[in-house]
Every structure is written in C-alpha cells, then in structure tokens.
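Next come the chains, spelled out residue by residue.
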Amino acid sequence: MSKAAPRNTARVLAGPPPSAGTESLKDHRARLGPMPQVRHQEDAVALLEASGLLGRGGAGFPVGKKWRSVAGHASGNAVVVVNGAESEPASSKDRTLMVARPQLILDGAQLAATAVGADEIVVYVGVEHTRARAAMAHAIAERASERSARRPTPIHLVEAPLGYVAGEASAAVHYINARDARPTNKPPRISEVGVRGRPTLVQNVESLAHAALIARHGAEWFRSAGQGQTRGTAVITVSGSVTRPGVREIDLGTTIAEVAAYAGGAREGLQAVLLGGYFGAWSDLAETWDMPLDPVAMRARNLSFGSGVVSFLPADACGVSATARIMAFMAGESAKQCGPCLYGLRAIADATQRLAIGGGRYDDLVRLERWSGQIAGRGACGLPDGAVAFFQSALRVFSAEFRLHQAARRCSHPRAWAGVA
Amino acid sequence: MAHVITIDRIRCDGYGMCAELLPEMIELDDWGYPILRAGPIPHQLVSHARRAVDVCPVLALRLRTAVPANARS
Ligand SMILES: Cc1cc2nc3c(=O)[nH]c(=O)nc-3n(C[C@H](O)[C@H](O)[C@H](O)COP(=O)(O)O)c2cc1C
Ligand code: SF4
Ligand code: SF4
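Predicted model only: the values in this text are computed from it and were never measured.

Cut-off values and rules
- Residues numbered from 1 in each chain as written.
- Chains lettered and ligands numbered in written order.
- Predicted model: local features only at pLDDT ≥ 70, side-chain atom pairs only at ≥ 80, totals over all residues.
- Heavy atoms only, no water.
- Helix = DSSP H or I, 4+ residues; strand = E, 2+ residues; numbered from the N terminus.
- Rg over C-alpha atoms; globule rule 2.2 N^0.38 Å.
- Buried < 20%, exposed > 50% of the residue type's maximum accessible area, 1.4 Å probe, protein only.
- Contact = heavy atoms within 4.5 Å.
- Areas by Shrake-Rupley, 256 points an atom, 1.4 Å probe, with all protein chains shown as cover.
- Lys, Arg positive; Asp, Glu negative; His and termini not counted.
- Charge placed at Lys NZ, Arg CZ, Asp CG, Glu CD.
- Domains from an automatic or database assignment.
- Buried area = accessible area lost by both parts, 1.4 Å probe.
- Near = heavy atom within 4 Å.
- Nonpolar A, V, L, I, M, F, W, Y, C, P; charged D, E, K, R; others polar.
- Salt bridge = Lys/Arg side-chain N within 4 Å of Asp/Glu carboxyl O.
- Polar contact = N/O pair within 3.5 Å; in protein donor to acceptor, adjacent residues only side chain to side chain.
- Pairing = 2+ DSSP bridges.
- Axes fitted to C-alpha atoms, helices over the stretch in contact; angles between N-to-C directions.
- Patch = residues over 30% accessible without salt bridge, like charges linked within 9 Å, V, L, I, M, F, W, Y side chains within 5 Å.
- Core = buried A, V, L, I, M, F, W, Y, C linked by side-chain atoms within 4.5 Å.

Draft legend 1. Expanded view of the overall build of chain A. Within chain A, the secondary structure is distributed over 17 helices and nine strands. Relative to the compact-globule value of 22 Å for 421 residues, chain A shows a C-alpha radius of gyration of 22 Å, a close match. Across its three principal axes, chain A shows a C-alpha extent of roughly 75 × 50 × 35 Å. Burial status across chain A gives 59% buried among its 421 residues. Sequence-distant contacts, at least 24 apart, represent 72% of the contacts inside chain A between residues at least 6 apart. When the accessible area of chain A is evaluated, it comes to approximately 16,000 Å², of which 53% is carbon and sulfur surface. Looking at charge distribution, chain A has the averaged site of its 47 positive side-chain charges lying 1 Å from that of its 36 negative ones.

Spelled out as structure tokens, the structure:
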C-alpha cells in the first residue's frame, strides 16, 4: 500500500544510535560544536519564531510565541522548567531523548533561559524513567564541573511523581513549589506566576532539543525538513501491530502508511490507529492510511498530533475493549479535585467496561453520548477534555461495534487488544 | 457592560444551589455539578446571577464583567 520510501531525516537523533547509550558532553561538543552564544533575548525569541517550531509535549503551541510571552512578564528572574515527565503511557520518545541526548536538551534549556530572561533551570523528570533521570543528572553534573568564562544558569533536577496529570504544566509548577502534583486554577497563568511566584516557561524536552539545533543551524535549516504545512522533524513512538515498534524520527508530513512501513510494516490486518496518545483520538485506517502526520493538517480533521503517538490496532481486536481500558486508566488518573472530571470520567469508564464485557444497560450508549458531550471545559486542567475527546473518537470510529455491544451484548472480535503499553 | 459567570471547578462541591437560583443559565449534570450556558448573562438576569454567586456555600462562583482569557500553557 505504501508508495514512496519512508522519509526520515535524523536531526535530534542524528549521531550515534540511542542504543549506544548517553552521549557525553565531550562527544556532544565534538559532534555538534559549541552552542553559539546568543547574547540578546530578542535574537533568541525571533529565531524560534522564525523556525515555526511547535511544542512537542502535546498541545502543539508555537515555541517562539510562548518564549515571547514569558519574556514579556520577566525581568531576568524567570524560571525554565524542562518537562521530561513523559506521563503518557503510549509514549517513550522523551525518555529515549533524555537517555541518548541529555546535553542537546540542556543546550536548548540554556537558550530558552536566555530568551525568557531566566536565572534558574529545573529539569523535571518522571520518577519511573530511571535511566533518563540518571542521564540527565549526569549531564547536569558534567556541566557543573566545567570551567567556563560565562557563569551558566544553575540547573536543578526534580523527580516528577507518578501520574498522568503530573506532567501538566501547572501541576509541574505546583509540585516544584509545594510537592503537590495537582493542577492549579488558571488564572494565574504560570507564564506570569509560576515557580516560587516567578514567570515560568514549561517546555517539553524534545522541543528544547530542536531549539538547540535551530540555534546552531538556523531557522531556514529547520524548515528545510518536512513534507507538509508544518516544517521540521518529530520524534514519534510507534506501537501496536507493527513488526518493529519503537521510537523514530520522521519528517513532519510523513504519511501513516509510511510510518507503518518505517516500523517494519503491519504484522497483521489493521483497522484503526490511535494518534496523539491517550489524549488523542482513534482514527479509521480506511480514512487515514494516506494522511500526513502534520499537526496543521490533522487539526483540520479534528485529530491531534499530540505527543507523537502512533499505535496500530489490528483488524481482529475489539475497539470497545481497547477504549474501555484506556478510559479506565484516564478515570483513575483524575486528580479528583473537580466533580465533572472525578465522577464523569469514572461513569464513562464504568459504562464502557460494562458494554465491553457484554453487560451493558439498555441505555448505556445513550448516556455515554450525553456524558461525553458535557464534560469538556469543566475541569481545572485539560485531562477531562482530552479524555472525552478521545472517547468521542471511539464512538465515531467503532460506532458499529459499540451498537453491537449494546444491542446484542456481544463482541464481534475474537480477542481483546493489548497493543498499547 | 456584559456580565459572565465563572466557576472555580476545584472549589465547587456540587451542592447545586446555584442552579436553583439561576436555572436559565445553569443546569446540573447527573452528579449535581453545574453546567454553565455559554455567553454573557442577559441583562434581566444579572441580579439573579448575583444572588446565585452569593448563595454558593464554598464561594466557587464569580460574576465578572469581561471574558477572562482562558489560555492554557
Ligand atoms: C494531563 C496532561 C498531562 C501532560 N503531561 C505532559 C508530559 O508528561 N510531558 C510534557 O512535556 N507535557 C505534558 N503536558 C503538556 C504540558 O502541560 C505543557 O503544555 C508542555 O509541557 C509544554 O511544552 P511544549 O510547549 O514544548 O509542548 C500534559 C498536559 C496535560 C493536560
Ligand atoms: S480536571 Fe481532573 S485531573 Fe484536572 S485538576 Fe480537575 S480533577 Fe484534577
Ligand atoms: S452552588 Fe457552588 S458548590 Fe454548589 S454547585 Fe453551584 S458552584 Fe458548585
């Protein structure tokens, strides 16, 4: 089915393969040269704006625009939080980058600190990512022991606790401030009042790695990769029914078919793909096999690139059961502060589970449709919005299967799916 | 000037009193938590809205005169 050869420009993953382990500061500098000194805040902000780089933590917000916003609130006292929580269960690209390229990430963090006027960097790494934590800690120590003419911005490491919401920006700030990883109300926005009350930039590790290369090679160079409307490359996690699942760097705009081919091809017949992660959406492969993985094009189809998760569901697996499992996870991840999130997600997860095992009530599907339309925008953080958007995609893509479970109390598929981590 | 109601979702305990005083703008979901109708409050309902804000036992509601920027970072 795939026509062209997979398009894969290695950029943040250029150099020795991730399997070779952590690149030391010395090897990193030998391979890429020193970070060019960007002295003026405005130059760094303008450079990232020109690159068009979009954030890779999930929301896809333009990096340059965010830097300008934080810079506008700060006067040399801002804080940069390097987000390596990677709480998305279907993603492993951030920890791969942290293990393999910690110095590239720190270069990017340093540039971000210049851009927003920060005098402190906090590296926030998921406590479960032990190798990534060790690699980042070692990289920080390598820098601290270096003699340098310019005093570098101090860097601390904070372990992010377990839990999906711990990676959310306001939860990260709350945890760093008070060891409580529950999201907080906005306003105040963390770009104004964040870590210890100071203007704070929270940026995903991959976003920062790209920024470090943009500083070296320029915005035009960054934009020379990519096939579609969004320029550059992205690091994605491919899982499910493909021969060689794993982390890959692709040109943005590479099609789903090419990604499958890149991962060794389908292991069996495929029906659907989970895009963007547990926060993303199911999509029917009959419709999206040739769709480019391009954040802008995807948004037009009501899909999201998210954190770059591409997970293939085989043809003989039950989409209702796979959805029930993910909704149960999401309901369990609610920080239990906001009623609609706490009770709503639990109710959706329970009803989906009842349907999946053939014990649904006569009106479960009707209620699921109503509930999933009522919850978005009614929590302090984006967890419920992401969870119901994901659930609504399941109702669309697996509508026949949902109806069969409701009406006939049975599943048309011989086995449940255990493809997503 | 247009008025809007905002709700602190972390504070709200789903007592549902607001919906009784301002049913035109607030309905309750299956668990007793308020669903606000989008948009500004019609002029003739502003005094009712003010009463709903005052009655909330956990002070989760606020009446504002401008639409707050609802940006997430
Ligand atoms: C529930 C939830 C969980 C999140 N988890 C992560 C995470 O683990 N890592 C991450 O980088 N961003 C995560 N985000 C996104 C962050 O809030 C934030 O947008 C991001 O770190 C900003 O970096 P970026 O602009 O480079 O993407 C999460 C968001 C939500 C709503
Ligand atoms: S919306 Fe859910 S996860 Fe987010 S703060 Fe409220 S209860 Fe916690
Ligand atoms: S009165 Fe207050 S606590 Fe009760 S539902 Fe309304 S906002 Fe929530």
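Draft legend 2. Up close: the domain arrangement of chain A. Residues and elements named next belong to chain A. The domains assigned to chain A are domain 1 (18–223), domain 2 (233–314) and domain 3 (319–408). Centre-to-centre, using C-alpha coordinates, domain 1 lies 26 Å away from domain 2. In this complex, domain 1 contributes 17 residues to the contact, which on the side of domain 2 involves 18 residues. Sorting the residues of domain 1 by area buried against domain 2 places Arg-56, Ala-90 and Lys-93 first, and these three jointly supply 34% of that buried surface. When contributions to the side of domain 1 that touches domain 2 are tallied by element, the ones reaching two or more residues are α4 (93–100) and α8 (205–217).

Draft legend 3. Highlighting the site of ligand 3. Every residue lining ligand 3 is accounted for by Ile-7, Cys-12, Asp-13, Gly-14, Tyr-15, Gly-16, Met-17, Cys-18, Pro-34, Cys-56, Val-58 and Leu-61 of chain B. Split into classes, the residues belonging to the shell around ligand 3 amount to nine nonpolar, two polar and one charged.

Draft legend 4. Here's a closer look at the environment of Ile-35 of chain B. Tracing the backbone shows Ile-35 of chain B in strand β3 (residues 34–36). Residues Ile-35 of chain B and Ile-7 of chain B, spaced 28 residues apart in sequence, show a C-alpha to C-alpha distance of 9.8 Å. Other than its neighbours up to four places away in sequence, Ile-35 of chain B contacts Gln-374 and Arg-378 of chain A together with Met-25, Ile-26, Glu-27 and Asp-29 of chain B.

Draft legend 5. The arrangement of the interface of chain A and chain B in detail. Listed as interface residues are 24 residues of chain A and, on the opposing side, 13 residues of chain B. Both faces considered, chain A and chain B share a buried interface measuring about 1,700 Å² in area, 54% of it formed by carbon and sulfur atoms. Where chain A meets chain B, there are two salt bridges. Joining chain A to chain B, the criterion identifies six residue pairs in polar contact (both at pLDDT 80 or more). Secondary-structure elements contributing two or more residues to the side of chain A that touches chain B are α14 (339–356) and α15 (364–374) of chain A. By residue number, the principal contributor to the side of chain A that touches chain B is α14 of chain A, which donates five residues. Here the side of chain A that touches chain B is composed, by residue class, of 10 nonpolar, eight polar and six charged.

Draft legend 6. Spatial organisation of the sheet that holds strand β3 (residues 155–160) of chain A. Residue and element names in this part refer to chain A. An order of β3-β2-β1-β4 is seen for the four strands of this open sheet, with the pairing classed as parallel. Two strands close off the open sheet at either side, each with one partner strand: β3 and β4 (200–204). Sheet twist, expressed as the mean angle between neighbouring strand axes with direction ignored, is 25 degrees. Relative to β3, strand β2 (residues 118–126) runs parallel, the two sharing six bridges. Bridge pairing in β3 places Tyr-124 opposite Val-158. Here helix α3 (residues 63–73) sits on the sheet and contacts β1 (78–84) and β4; the angle it forms with β4, its principal contact strand, is near 165 degrees.

Draft legend 7. The arrangement of the site of ligand 2 in detail. Around ligand 2 sit 13 residues, and of these Ala-335, Gln-337, Cys-338, Cys-341 and Cys-381 of chain A come closest. Classifying every residue of the shell around ligand 2 by side-chain character gives nine nonpolar, three polar and one charged.

Draft legend 8. Representation of unusual backbone geometry in the model. Residue and element names in this part refer to chain A. Here Lys-186 and Pro-187 are connected by a cis peptide whose omega angle stands at -5 degrees. As for its placement among the helices and strands, Pro-187 is situated in the loop between α7 (169–178) and β4. Note that the residue after Pro-187, namely Pro-188, is joined by a cis bond; omega there is 5 degrees. Mapped onto the secondary structure, Pro-188 falls in the loop between α7 and β4. For Arg-196, which is not glycine, the phi torsion reads 45 degrees and is therefore positive. Summarising the element assignment, Arg-196 is placed in the loop between α7 and β4. Judged by its relative accessible area of 52%, Arg-196 is exposed. In the Ramachandran plot, Asn-302 falls in the positive-phi region, its phi being about 70 degrees despite a non-glycine side chain. Mapped onto the secondary structure, Asn-302 falls in the loop between α12 (295–300) and β9 (309–314). Judged by relative accessible area, which is 60%, Asn-302 ranks as exposed.

Draft legend 9. Region of the structure containing a nonpolar patch on the surface. Residues and elements named next belong to chain B. A cluster of nonpolar side chains, namely Tyr-15, Met-17 and Val-55, defines an oily patch on the protein surface of about 280 Å² accessible area. Looking at the secondary structure, you find Tyr-15 in the loop between β1 (4–7) and α1 (17–21). Take Tyr-15: its relative accessible area is 53%, and that puts it in the exposed class.

Draft legend 10. Representation of the nonpolar core within the structure. Residue and element names in this part refer to chain A. Judged by nonpolar contacts, the single largest core of 48 residues is most densely connected at Trp-67, Val-80, Val-82, Leu-111 and Val-123. For this core, the secondary-structure elements that each account for two or more residues are α2 (41–51), α3, β1, α4, α5 (102–116), β2, α6 (130–144) and α8. For this core, the leading source of residues is α5, giving nine residues. Not counting chain neighbours up to four residues away, the residues in contact with Val-80 comprise Ala-109, Ala-112, Ala-113, Val-116, Ala-118, Glu-120, Ile-121, Val-122 and Leu-201. If you look at the next biggest cluster of nonpolar residues, it comprises 42 residues, including Tyr-278, Ile-326, Ala-331 and Leu-345.

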